Amino acid sequence: MSEKKKQDIPVHVGIIMDGNRRWAKERNLPTFEGHQKGYEKLKLASDWFFSRGVKILSFYAFSTENWQRQPEEVNYLMKLLLNAVEFSLREQAKKEGYKVLISGRLKELPGDLPAKCLEIIAETQANKRGIINFCLNYGGRAEIVDAVRKMMKNKVELEQVHEGMIKKYLYNGDLSDPDIIVRTSGEQRLSGFMMWQAAYSELFFIKKYWPDFEELDADMIIKEFAERKRRFGV
Ligand code: FPP
């Protein structure tokens, strides 16, 4: 294959990691095993995408709606998250040079999680090999509500409001918009993921459940992205 042109490689890929529970159910396994596999896949997929030249990965790890799940499942996901930011993802980020960011209502997370999230952000802030933007307690509508609140608190004048400045008020407003959003498990919707930023994202809906996502899927997505024609409304 000829060498890819730089503009063919997506800068920012967003991933809606869906299907963990169905993956577990089909194997008669408890739900938590699906989430555990999903978490392992997140770490592998980070290496796959970054090694192909992607610079930013946004993972939808826990939505503002996910609190409505069974308490045991929510507790398990929180335990996984804590493990990620305290141990395994932290080690990976330090070893591989990934910078970790969190998008979402951080302060509402339980126990040590907010503090540990701030620690991993601070510890990895100088890393340059890729950015993992973890969307936790994240909702696209909540993000816009929070942005409007911050603007009002800052007493932003009516004339100062424009699209670029609204973007700056989003959780990590300096990140470029996702070029691609992938959702696994066959569902074809965004469920509030990056509502503002997704305006011109190329969408990829993959039938496989997230725990079954493979390196060749990352290759397929990047290859197909290079073949799509983006017009941005022009
Ligand atoms: C969607 O599958 C997945 C989630 C709501 C949680 C995503 C979390 C992970 C992949 C674990 C990785 C990250 C951490 C650190 C928590 P689902 O549960 O909605 O599955 P279903 O669509 O089959 O019901």
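Each value, and the rule that gives it
Residues numbered from 1 in each chain as written. Predicted model: local features only at pLDDT ≥ 70, side-chain atom pairs only at ≥ 80, totals over all residues. Heavy atoms only, no water. UniProt positions renumbered as here; feature names shortened; annotations may be inferred. 1 Å grid on protein atoms, 1.4 Å probe; cavity = no way out; pocket = protein on both sides within 12 Å on 5 of 7 lines; lining within 4 Å. Buried < 20%, exposed > 50% of the residue type's maximum accessible area, 1.4 Å probe, protein only. Near = heavy atom within 4 Å. Polar contact = N/O pair within 3.5 Å; in protein donor to acceptor, adjacent residues only side chain to side chain. Areas by Shrake-Rupley, 256 points an atom, 1.4 Å probe, with all protein chains shown as cover. Sits in = over half its atoms within 2 Å of the grid points. Helix = DSSP H or I, 4+ residues; strand = E, 2+ residues; numbered from the N terminus. Nonpolar A, V, L, I, M, F, W, Y, C, P; charged D, E, K, R; others polar. Contact = heavy atoms within 4.5 Å. Disulfide = S-S within 2.5 Å. Bend = angle between axes of the 7 residues up to and from the residue. Points joined across faces, edges and corners; volume = space filled by probe spheres on them.

With an unreviewed UniProt entry as reference, the protein chain is termed Isoprenyl transferase. Word for word, the UniProt comment on the protein chain under Sequence similarities (unreviewed entry) is "Belongs to the UPP synthase family. Z-FPP synthase subfamily." UniProt annotates the protein chain under Subunit (unreviewed entry) with the comment "Homodimer."

Colleague: Looking at this structure, how should I read the UniProt feature "active site" (unreviewed entry) in the protein chain?
Modeller: With numbering matched to this structure, UniProt assigns "active site" (unreviewed entry) to Asp18 and Asn66. Maximum C-alpha separation among the annotated residues is 12.3 Å over a sequence range of 49 residues, consistent with a single clustered spot. Those annotated residues that line the largest pocket are Asp18 and Asn66. The class for aspartate 18 is buried, based on a relative accessible area of 17%.

Colleague: What am I meant to see in the site of the ligand here?
Modeller: Around the ligand there are 17 residues in total, and Met17, Asp18, Arg21, Arg22 and Arg69 lie nearest to it. At 3.3 Å, a backbone N or O of glycine 19 approaches an oxygen atom of the ligand. The separation between an oxygen atom of the ligand and a polar main-chain atom of asparagine 20 is 3.2 Å. Burial of the ligand by the protein chains amounts to 93% of its free accessible area of 600 Å². When atom positions are compared with the pocket grids, the ligand is found to occupy the largest pocket. If you list the elements that add at least two residues to the shell around the ligand, you get helix H1 (20-26), helix H2 (31-51) and helix H3 (71-96). Residues that form the shell around the ligand fall into these classes: 8 nonpolar, 5 polar and 4 charged.

Colleague: For this particular structure, what's the right way to read the UniProt feature "binding site: Mg(2+)" (unreviewed entry) in the protein chain?
Modeller: Those residues carrying the UniProt feature "binding site: Mg(2+)" (unreviewed entry) are Asp18 and Glu202 in this numbering. In the annotation above, Asp18 are the residues that line the largest pocket. When neighbours within four sequence positions are excluded, aspartate 18 is seen to be in contact with Arg183, Thr184, Ser185, Glu187, Tyr209 and Trp210. Every residue in contact with glutamate 202, bar those within four places of it in the chain, is listed here: Asp179, Ile180, Ile181, Phe225, Arg228 and Arg230.

Colleague: Can you help me understand the state of the cysteines in this one?
Modeller: Two cysteines form a disulfide when their sulfur atoms are joined by a covalent bond. Applying the stated rule across the entire model yields 0 disulfides. The thiol of cysteine 117 is unpaired, and the distance to the nearest cysteine sulfur, on cysteine 135, comes to 12 Å. On the basis of relative accessible area, cysteine 117 is assigned to the buried category, the value being 0%. The class for cysteine 135 is buried, based on a relative accessible area of 0%.

Colleague: How should I be thinking about H3 in this particular structure?
Modeller: Owing to its 3.6 residues per turn, the α-helix aligns residues three or four sequence positions apart on the same side. Along H3, the sharpest change in direction is near 60° and occurs at alanine 84. Residue glycine 97 follows H3 closely and has a positive phi angle near 80°.

Colleague: What am I meant to see in the layout of surface pockets here?
Modeller: Over the atoms, a rolling probe the size of a water molecule traces out where space has been left empty. The volume enclosed by the largest pocket comes to roughly 640 Å³. In this structure, the largest pocket is lined by 28 residues; those nearest its centre are Met17, Tyr60, Ala61, Asn66 and Arg69. Contributing elements (two or more residues each) for the lining of the largest pocket: H1, H2, strand E2 (56-63) and H3. There is about 310 Å³ of room inside the second largest pocket. Along its surface, the second largest pocket is lined by Ile102, Ser103, Gly104, Arg105, Leu106, Lys107, Glu108, Leu118, Ile121, Asp146, Lys150 and Tyr171. Where the lining of the second largest pocket is concerned, the elements lending two or more residues are strand E3 (98-103), helix H4 (113-124) and helix H5 (140-153).

Colleague: Hey, could you run me through the environment of isoleucine 56 in this one?
Modeller: For isoleucine 56, the position within the fold is in strand E2. When the C-alpha atoms of isoleucine 56 and glutamate 26 are compared, they prove to be 32 Å apart, with 30 residues separating the residues in sequence.

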